[in-house]
Amino acid sequence: MPGAERLLGLALLAVAAAAQAQQRPVDVLLRGGTVCDGSGGPCRAADVAVLGERITFVGDARRAGVRAGRPLDVAGLVVAPGFIDPHTHTLEDLSDTGRRRMEGYLLQGVTTVVAGNDGGGPFAVAGVLEQWRRGRIGTNAALLVGQGTVRRQVLGMADRAPSPAELDSMRALVRRGMREGGLGLSTGLYYAPGSYAATEEVIALAREAAAAGGLYDSHLRDESSYSIGLVAAVAEALRIGREAGLPVHIAHIKALGTDVWGRSDSVIALIRAARAAGRQVDADQYPYDASGTSIGASLLPRWAEAGGRDSLLARTADPATLGRLRADMTENLRRRGGAGAMLITGAGGRSGLVGKTLEAIAREQGHDPITAALDIIRHGDASAASFNMQEADIERFMREEFVETGSDGSDGHPRKYGTFPRKYRRYVAGRGVITLARFIQASSSQTAETFGLKDRGRVREGFFADLVVLDTARYRDRATYQAPRLVAEGVRYLLVNGVLAILDGRPTGALVGRPLRRKE
Ligand SMILES: [Zn+2]
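Residues numbered from 1 in each chain as written. Predicted model: local features only at pLDDT ≥ 70, side-chain atom pairs only at ≥ 80, totals over all residues. Heavy atoms only, no water.

## Side note on the coordination of the zinc ion
At step 1: Listed as protein donors to the zinc ion are Asp-118 (OD), Asp-118 (OD), His-219 (ND1) and His-252 (NE2); their distances from the metal cover 2.1 to 2.4 Å.
At step 2: Here the zinc ion binds 4 donor atoms, and the angle range of 56 to 147° at the metal identifies the geometry as irregular.
At step 3: Going along the chain, you hit the donors of the zinc ion in the pattern D-x100-H-x32-H. Of this pair, Asp-118 sits in the loop between strand E7 (110–115) and helix H5 (125–135) while His-219 is found in strand E11 (residues 215–219), placing the two residues 101 residues apart along the sequence. Comparing Asp-118 with His-219, the two get one shared label, buried. (Donors = N, O, S within 2.8 Å, 3.2 Å for Na, K, Ca; no water. Tetrahedral: all angles 85-135°; square planar, octahedral: opposite > 155°, others 65-115°. Helix = DSSP H or I, 4+ residues; strand = E, 2+ residues; numbered from the N terminus. Buried < 20%, exposed > 50% of the residue type's maximum accessible area, 1.4 Å probe, protein only.)

Right, dumping it as structure tokens:
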């Protein structure tokens, strides 16, 4: 019966066509993993598919007919949004041919970094972003406009208020940086020359960032008891946000030094009250009890740096100022726990100092610690790990819903190579201070929202395919104060903009990160 045969044939063709329509070819399929999507909600079993640079499917791939050119079996592993680091010192890394791969960050699971923090970002934002685009970079990267840079451009290292015309010049530079794609205004009010600015001056600049839809990112004027004190410094940051009308992000939140240990409670109360009043306020934190600094930045009073390095050296040689300088440095060393709590991690050509405490160096030289410190500063300074935080404060901050993960990565401190895995290993898996889902949220979606990074930070259809696949049994930091550049382990796969940057635990060498402008 040829008629019936023909009908059957047509029916089979129709079924085949329907199946064809349901087949969804993708480039990469992460099959059988546990997805923590960045929302902070419970992790769940799901497949994740990537087509081009975007996530195109999250769910049961077989049932939905999703077929991949490249299926990867991720059973037993955690699939999460690539981590976003809101506070780094990678401006130079990203511009350096040898370091632009950013492998130390990729191996922690980081796919996007923010640079230009602590007041040090450029105002010529477009030029830097274009340089990164042409040079190609390993992670995505965005920039903050630096108040310190802007002030230095207009006023040099002068410790004085700007004239109205000078303030206008500074405002124009911030406007330019924001127009060119800056995420917001960063300050380092602890450091010279940022510290020479009164609150009102910072508010005037922050208003320019606010007008462009940016945020205020602050290294506080005082994280300790140096000048106005930790709690007043937090209040100052909140005031700047309130009066300029923009979100406030407090960098590397901590209680630095014995004078303010335990004050995390007061800081948290202030921030909770601001948030309850409807203000956008949050912070980031690195999971270490030592900060990364230099002997000069940690011990010198800011008045000694006014005018610049020549003026500083003159003051260290002048008996009229040396006495006051030594007295202030002695007090600053006490705040930080004494010479035994300062570990030299880098000293330019004087590598014999590295790995020793200031106390040990002073003893070897037969000097007191302040004489040894001044000698180091005269020879071009040295980077140091300053052990000045208390575990109880670290954990209290970490539990807060407003605290994100940020490395503040700087050379010589293990946080640059270990922050994200250390937070997981020590505080999630080890002590249960926060859950895995909360760790992921604080390291991805929350940061993307704070910094206005569009379509990043979640495992969700339509979002950019910045994805990390973690072997949580192995995910750990290896960097130490003695060997700060040991890379982390336990990231099995990592995708940046849909391209595998780590395959089977090894970097592929792909330079597929993008410079990101605000809201893009
Ligand atoms: Zn800082």
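## Things to note about unusual backbone geometry
At step 1: Of the consecutive residues Ala-192 and Pro-193, the connecting peptide bond is found in the cis state with omega at 5°.
At step 2: Along the chain, Pro-193 falls in the loop between strand E10 (184–188) and helix H8 (199–211).
At step 3: Phi is positive for Asp-408, which is not a glycine, with a value near 50°.
At step 4: Within the element layout of this structure, Asp-408 appears in the loop between strand E17 (403–405) and helix H17 (415–430).

## Notes on the confidence of the model for the protein
At step 1: For the protein, per-residue confidence averages 95 on the pLDDT scale, and residues scoring 70 or more make up 95% of the total.
At step 2: In the predicted structure, residues 15–21 sits below a pLDDT of 50 and forms 0 contacts with residues beyond four places in sequence or in another chain. (pLDDT = per-residue confidence, 0-100. Contact = heavy atoms within 4.5 Å.)

## Brief notes about the sheet that holds strand E8 (residues 140–143)
At step 1: As summarised here, the arrangement of the 4 strands in space is E6-E7-E8-E22, forming an open sheet in which the pairing is parallel. Looking at which strands have only one partner, the edges of the open sheet turn out to be strand E6 (83–85) and strand E22 (515–516).
At step 2: Running over the sheet, H5 touches E7, E8 and E22 and is turned about 170° from E8. (Pairing = 2+ DSSP bridges. Axes fitted to C-alpha atoms, helices over the stretch in contact; angles between N-to-C directions.)

## Describing the sheet that holds E10
At step 1: Spatial ordering of the open sheet is given by E9-E10-E11-E12-E13-E17, a layout of 6 strands whose pairing is parallel. Here the strands that pair on one side only, and so sit at the sheet edges, are strand E9 (145–146) and E17.
At step 2: With 3 bridges joining them, strand E13 (residues 281–285) and E17 adopt parallel strand pairing. The residue of E17 that forms the bridge with Ala-283 is Val-403.
At step 3: In the packing of H8 onto the sheet, contacts are made with E10 and E11, and the angle to E10 comes to roughly 155°.

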